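A closer look at the structure
Chain by chain, the residues run as shown.
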Amino acid sequence: GAVVSQHPSRVICKSGTSVKIECRSLDFQATTMFWYRQFPKQSLMLMATSNEGSKATYEQGVEKDKFLINHASLTLSTLTVTSAHPEDSSFYICSARGGVAKNIQYFGAGTRLSVL
Amino acid sequence: AQSVTQPDIHITVSEGASLELRCNYSYGATPYLFWYVQSPGQGLQLLLKYFSGDTLVQGIKGFEAEFKRSQSSFNLRKPSVHWSDAAEYFCAVGPRDDKIIFGKGTRLHILP
């Protein structure tokens, strides 16, 4: 099956710093990537959808200036949490869709962000 | 409005027993349906999917699901669970505006 790599798996940072999370599709070209946030014991909340070469589309209530998304190539999307605060601490998961299985999202392993 | 309901937040079964996880959906057209599994601290792994055709679909790890249009359901089943099946299971439906909608999840506990 399709493989999506997400890095780092865990990051701890100080309040006010920025953190970048990478999401790569390893064996297919991801025309669309999705970024989710998951709170403890809850479902996934879609933050934004990004298509290669286009600006990301953010869900209502998600601050686009705080959560910067770049999808510069067909295999890489990045999420940058700018000026992180403790309330941004969460589990962030990316998914990618593309190739032959256009209607299936393949997920990365997630990134646990802890902001001190 | 499109939605996915997983009525059971927690399910506990004994190892070797059969399993059924419930999923009901609300969707205006013929849906695409998915079951994903998430182990603690991990991303989601696709167990199986239904797009069209045979309403009984087979997935990985011995799981199967049956699409019942009349009941708007897509329940996940396994005839005999293993301790390694303990995880969070998410039902999802799509596409809506190119996205899929997830249920709130069912946490499966396995008794030895």
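The structure under discussion appears in the preceding block.
Note that the structure is a prediction, hence the values are computed from the model and not measured.

1. With respect to the interface of chain B and chain A
- The interface of chain B with chain A comprises 18 residues on the first partner and 20 residues on the second.
- Each partner contributes to the roughly 1,500 Å² buried at the junction of chain B and chain A, and carbon and sulfur atoms together form 56% of this total.
- On the chain B side of the interface with chain A, the three residues burying the most area are Leu44, Asp98 and Lys99 of chain B, jointly 30% of the side's total.
- There are one salt bridge connecting chain B and chain A.
- For the salt bridge of Glu59 of chain A with Lys99 of chain B, the shortest nitrogen-to-oxygen distance reads 2.7 Å.
- Seen at the junction of chain B and chain A, the total is five residue pairs in polar contact (both at pLDDT 80 or more).
- Every element with two or more residues in the side of chain B that touches chain A is listed here: strand S5 (32-38), strand S6 (44-50) and strand S11 (99-102) of chain B.
- Top element by residues in the side of chain B that touches chain A is S5 of chain B. It accounts for four residues.

2. Observations regarding the pattern of salt bridges
- Overall, the coordinates contain eight salt bridges over all chains when judged by the stated rule.
- As a salt-bridge pair, Glu22 of chain A and Arg24 of chain A come within 3.5 Å of each other at their nearest N and O atoms.
- With its nearest N and O atoms 3.0 Å apart, the salt bridge here joins Asp8 of chain B to Arg22 of chain B. Separated by 14 residues along the polypeptide, Asp8 of chain B in the loop between strand S1 (3-5) and strand S2 (10-14) and Arg22 of chain B in the loop between strand S3 (19-21) and strand S4 (24-26) bring together distant segments of the chain.
- A relative accessible area of 18% means that Asp8 of chain B is categorised as buried.
- Connected through shared salt-bridge partners, Glu64, Glu66 and Arg77 of chain B make up one network.

Definitions and cut-offs
Residues numbered from 1 in each chain as written. Chains lettered and ligands numbered in written order. Predicted model: local features only at pLDDT ≥ 70, side-chain atom pairs only at ≥ 80, totals over all residues. Heavy atoms only, no water. Contact = heavy atoms within 4.5 Å. Buried area = accessible area lost by both parts, 1.4 Å probe. Salt bridge = Lys/Arg side-chain N within 4 Å of Asp/Glu carboxyl O. Polar contact = N/O pair within 3.5 Å; in protein donor to acceptor, adjacent residues only side chain to side chain. Helix = DSSP H or I, 4+ residues; strand = E, 2+ residues; numbered from the N terminus. Buried < 20%, exposed > 50% of the residue type's maximum accessible area, 1.4 Å probe, protein only.

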